[in-house]
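Architecture and fold: a report
Each chain, letter by letter, is given below.
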Amino acid sequence: MRLAVASDHGGYEVKQTLIEYLKKQKIEVIDLGTNGPDSVDYPDFASEVAEQVSRGFVDGGVLACGTGIGMCIVANKFKNVRAAVVFDEYTARMSKEHNNANVLCLGGRIRQTEEAKKLVTIWLTTPYAGGRHARRLTKISEIEKKNLK
Ligand code: RB5
């Protein structure tokens, strides 16, 4: 399992904690920044991770900013990316089970780092349900193709 991870300043602390946590579980982590608490622009970092996921260079991505929202908006501009901002255990589970999200977005300013670890673990371990949800994901891909023309 290889994950690309990035944050802006608002998600820096949670990113650092998650990288350590993921590595302990033998997950290969590519840290795409930011590398300190100084103010940066989240689109720059979301793009780095989304591109890795979009091109299939990694199995998934984790992004953190203040709320997770900006990162999610940017990541979903990339082909094949299904980014989800999750706020609790239920949305973390559903992001995989129903949406097969391949990028998880978290808000560093709205949760404790311990909770972020729990949400990432739920996202990583929940299986995608497929079935009726596959039809919906196919529709998302079709919308993507149509709008890329
Ligand atoms: C930065 O202040 C903040 O806007 C950013 O971290 C994020 O929350 C955007 O969605």
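Before reading on, note that the structure itself is shown above.
A quick note: this is a predicted structure, and the numbers were derived from the prediction, not measured.

**Details of the packing of aromatic side chains**
Here the structure, examined in full by the defined rule, presents zero aromatic pairs. Of note, Lys96 hangs over the ring of Trp123, and the distance from its end group to the ring centre comes to 5.7 Å.

**Thoughts on the sheet that holds strand β5 (residues 103-107)**
The five strands lie next to each other as β2-β1-β3-β5-β4, forming an open sheet whose pairing is parallel. The sheet is open, and its two borders are formed by β2 (28-31) and β4 (83-85), each paired with just one other strand. Within this sheet the neighbouring strands show an average axis-to-axis angle of 20 degrees, counted without direction. Relative to β5, β4 runs parallel, the two sharing three bridges. Within the sheet, the bridge partner assigned to Ala83 lies in β5 and is Val103. Helix α5 (residues 113-125) contacts β1 (2-7), β3 (60-65) and β5 of the sheet and is inclined by roughly 165 degrees relative to β5.

**A short note on the nonpolar core**
Ranked by size, the top nonpolar core spans 21 residues in total, and within it Leu3, Val5, Leu18, Leu22, Val62, Val86 and Leu106 carry the most contacts. If you list the elements that add at least two residues to this core, you get β1, α1 (12-24), β3, β5 and α5. A per-element tally of this core places α5 first, with five residues. When residues no more than four places from it in sequence are discounted, the contact partners of Leu18 are Val62, Leu106, Ala116, Lys117 and Val120. Judged by nonpolar contacts, the second largest core, of 18 residues, contains Ala46, Val58, Val81 and Val103.

**A closer look at the site of the ligand**
Looking at the ligand, the residues that line it are Asp8, His9, Tyr42, Cys65, Gly66, Thr67, Gly70 and Arg109. Here Thr67 contributes a backbone N or O atom positioned 3.0 Å from an oxygen atom of the ligand. A distance of 3.4 Å separates an oxygen atom of the ligand from a polar side-chain atom of Arg109. Contact with the protein chains hides 70% of the accessible area of the ligand, taken as 290 Å² for the molecule alone. By residue class, the composition of the shell around the ligand is two nonpolar, four polar and two charged.

Parameters and conventions
Residues numbered from 1 in each chain as written. Predicted model: local features only at pLDDT ≥ 70, side-chain atom pairs only at ≥ 80, totals over all residues. Heavy atoms only, no water. Phe/Tyr/Trp six-rings, centres within 6.5 Å; stacked < 30°, edge-to-face > 60°. Lys NZ or Arg CZ within 6 Å of the ring centre and 35° of its normal. Pairing = 2+ DSSP bridges. Helix = DSSP H or I, 4+ residues; strand = E, 2+ residues; numbered from the N terminus. Axes fitted to C-alpha atoms, helices over the stretch in contact; angles between N-to-C directions. Contact = heavy atoms within 4.5 Å. Core = buried A, V, L, I, M, F, W, Y, C linked by side-chain atoms within 4.5 Å. Buried < 20%, exposed > 50% of the residue type's maximum accessible area, 1.4 Å probe, protein only. Near = heavy atom within 4 Å. Polar contact = N/O pair within 3.5 Å; in protein donor to acceptor, adjacent residues only side chain to side chain. Areas by Shrake-Rupley, 256 points an atom, 1.4 Å probe, with all protein chains shown as cover. Nonpolar A, V, L, I, M, F, W, Y, C, P; charged D, E, K, R; others polar.

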